[in-house]
Amino acid sequence: MGIFIKNIKKLVNVREVPPASPLRGSQMETVPCVEDAYLLTEGDRIADYGTMSSLGTEDMERYSRVSDTVIDASGRMVFPSYCDSHTHLIYAGSREMEFMDKLRGLSYQEIAKRGGGILNSVALLHETSEDSLYEQAMRRADEIMSLGTGAVEIKSGYGLSTEDELKMLRVARRIGRTTPLAVRTTYLGAHAVPERYRGNRRDYVDEIINSTMPAVAEEGLADYVDIFCEEGFFSVEDACRIFEAASGYGMIPKVHANQMSFSGGVQVGVRYGAVSVDHLEYTGPEEFKALQGSGTIATLLPGATFFLDMKYPDARAMLSYDLPIAIASNYNPGSCPAGDMKFMMALGMIKMGLTPEAVLNAATVNGAFAMGLAGDYGSITIGKKASLFVTEEIPSYEFVPYSFTSRLIDTVILNGEVYGHLQHPIR
């Protein structure tokens, strides 16, 4: 049982043999496509694809007969689902008043020092039940699915206590069980120093290592461990301690690196084999050389850079150093209350000078690698998960990031099932 999509104007990011490692440098400038194509799913997998001219009458009739759903995609394109490898999708309430403070001239750091920022979200989350937190997060999960995302990483970090960090990660796992999203979870206890440890960061890191991390591991709640390595938050020394402890639990490092300064976050991430270092507004030749050949992905979060009105990372220089780049949304209440990967790709082009091909690969293939999901997601490949979307009639794949506020998705397919249209709720 499956889905047969015929007369596809263009099947986008088709990779007969998927890359064994993230695309880097000039590799990111190519997006293989099949014109006038068909695609067949079986169960939750892509079973076949090719050109319509290669499909005989008997095959056409057979594919139509054995499929639960037949979609005539004339004039429309089919893309693999986006792979959003950095989000804070689980949080309570909102922080629009801090947005007003920002407009009045306060910096992110100044808002944090006044008790806002991350600590504001911590207080809200503490008062929110697990079920309420799940319901709020599910609305965001529905939203990103309708916008084309099929795989997502979700971080903790608004708990900052063992009980509340576990609550967040349980909700993240629950979203993975109750939606068709592929969910990877990250323990981010080192997101900020909670009020009870004000002026005593080292003891809070001790709590992370000796109390919360073992509890997270005991319940199997986290695939990755992350740290906000930044002046005023956590140091390279803190990262070393946390990553060394996490290695005993099989949690792979990620790093919030170099968002506000040259923090050393890139180098410590490379040292400990981080799957990705994320943000990277403050990077230069030293960081680029550290990343060269390391296997660590440079994950850019242009939505946060846009929202905070900061200088964008030098993405073109990263490609010239032959680095692999991913683009993610950083969906969160404080610096990027948005999860539309199409908009993130547009920012990658407009603000960072990347090509349509580079941003598309960054949001699919390399995003999948940044979550350890490249075997199942990120491209149109036989045997991969049938998670994809069908556009409305569009002239080219470049049109997707070009028309960055238009609603272009007609049909969402996740794990081989049709979940609906952009105009209607998926649930």
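The rules behind the values
- Residues numbered from 1 in each chain as written.
- Predicted model: local features only at pLDDT ≥ 70, side-chain atom pairs only at ≥ 80, totals over all residues.
- Heavy atoms only, no water.
- Helix = DSSP H or I, 4+ residues; strand = E, 2+ residues; numbered from the N terminus.
- Rg over C-alpha atoms; globule rule 2.2 N^0.38 Å.
- Buried < 20%, exposed > 50% of the residue type's maximum accessible area, 1.4 Å probe, protein only.
- Areas by Shrake-Rupley, 256 points an atom, 1.4 Å probe, with all protein chains shown as cover.
- Lys, Arg positive; Asp, Glu negative; His and termini not counted.
- Charge placed at Lys NZ, Arg CZ, Asp CG, Glu CD.
- Phe/Tyr/Trp six-rings, centres within 6.5 Å; stacked < 30°, edge-to-face > 60°.
- Axes fitted to C-alpha atoms, helices over the stretch in contact; angles between N-to-C directions.
- Parallel < 35°, antiparallel > 145°, perpendicular 65-115°, else oblique.
- Left-handed = near helix turned anticlockwise from the far one by under 90°.
- Contact = heavy atoms within 4.5 Å.
- Nonpolar A, V, L, I, M, F, W, Y, C, P; charged D, E, K, R; others polar.
- Core = buried A, V, L, I, M, F, W, Y, C linked by side-chain atoms within 4.5 Å.
- Expected span 1.5 Å × (residues − 1).
- Polar contact = N/O pair within 3.5 Å; in protein donor to acceptor, adjacent residues only side chain to side chain.
- Pairing = 2+ DSSP bridges.
- pLDDT = per-residue confidence, 0-100.

1. A closer look at the overall build of the chain
Of regular secondary structure, the chain possesses 16 helices and 16 strands. Here the chain has a C-alpha radius of gyration of 21 Å; the compact-globule value for 427 residues is 22 Å, and the two agree. By principal-axis analysis of the C-alpha atoms, the chain measures approximately 75 × 45 × 45 Å. Burial status across the chain gives 61% buried among its 427 residues. Roughly 16,000 Å² of accessible area belongs to the chain as shown, and the carbon and sulfur atoms make up 49% of that amount. Here the chain carries 39 positive and 55 negative side-chain charges, and the mean point of each set is 2 Å from the other.

2. What about the packing of aromatic side chains?
Per the stated rule, a full pass over the model turns up 14 aromatic pairs. Relative to Y402, the ring of F399 lies with its centre 5.5 Å away and its plane at 45 degrees, an arrangement referred to as tilted. Here Y402 and F399 lie together in helix α16 (residues 399-402), a separation of 3 residues that amounts to about one turn. According to the relative accessible area criterion, F399 is partly exposed, its value standing at 23%.

3. Some details on the packing of helix α5 (residues 130-146) against helix α6 (residues 162-178)
Where α5 contacts α6, the axes come no closer than 10 Å and their chain directions differ by 50 degrees. As summarised for this structure, α5 and α6 are arranged oblique, according to the angle between their axes. Relative to α6, the crossing made by α5 is right-handed. For the pair formed by α5 and α6, the contact residues are E130, D131, L133, Y134, A137, M138 and A141 on the first element and K167, M168, R170, V171, R174, I175 and T178 on the second. When grouped by side-chain class, the residues that make up the contact of α5 with α6 number 8 nonpolar, 1 polar and 5 charged.

4. Let's talk about unusual backbone geometry
Even without glycine at this site, L280 takes up a positive phi of about 70 degrees. When you line up the elements, L280 lands in the loop between β11 (276-279) and α10 (285-291). On the basis of relative accessibility, which here comes to 0%, the residue L280 falls in the buried class.

5. Description of the nonpolar core
F79, I90, I175 and I242 are the most contacted members of the largest nonpolar core, which has 116 residues in total. Residues contacting I175, with those up to four places away along its chain left out, are I90, Y134, A137, M138, A141, I154, L181 and V183. Within the second largest apolar cluster, 18 residues are counted, among which are I5, I8, I71 and A386.

6. A closer look at helix α8 (residues 236-247)
In this model α8 runs 16 Å from its N-terminal to its C-terminal C-alpha over 12 residues, within 8% of the 16 Å that 1.5 Å per residue would give. Residues of α8 that are buried in the fold lie against β8 (182-190), α7 (201-218), β9 (224-229), β10 (252-257) and α9 (265-271).

7. Focus: the environment of S64
Mapping S64 onto the fold places it in helix α1 (residues 57-66). With a relative accessible area of 26%, S64 lands in the partly exposed category. Residues S64 and E35 lie 29 residues apart in sequence; the distance between their C-alpha atoms is 20 Å. Those residues in contact with S64 that sit more than four places away from it in its chain are F4 and V70. Polar contacts involving the side chain of S64 include one to the main-chain carbonyl oxygen of M60, which spans 2.9 Å.

8. Here we look at the sheet that holds β11
The 8 strands lie next to each other as β6-β7-β8-β9-β10-β11-β12-β13, forming an open sheet whose pairing is parallel. Each having just a single partner strand, β6 (82-84) and β13 (325-327) make up the two edges of the open sheet. When strand polarity is set aside, the average angle formed by the axes of neighbouring strands in this sheet is 25 degrees. The pairing of β8 with β9 spans 3 bridges and is classified as parallel. Looking across to β9, one finds that A190 is bridged to I227. Sheet strands in contact with α7 are β8 and β9, and its direction is about 150 degrees off that of β8. Sheet contacts for α8: β8, β9 and β10; angle to β9, the most-contacted strand, approximately 175 degrees.

9. So, the side chain of D226
Note that D226 resides in strand β9. Polar side-chain contacts of D226 include one of 2.9 Å to the side chain of H256.

10. Some remarks on the confidence of the model for the chain
Chain-level statistics for the chain give a pLDDT mean of 94 and a share of 96% at 70 or above. This model gives residues 421-427 a pLDDT under 50, and the stretch forms 19 contacts once residues within four places in sequence are excluded.

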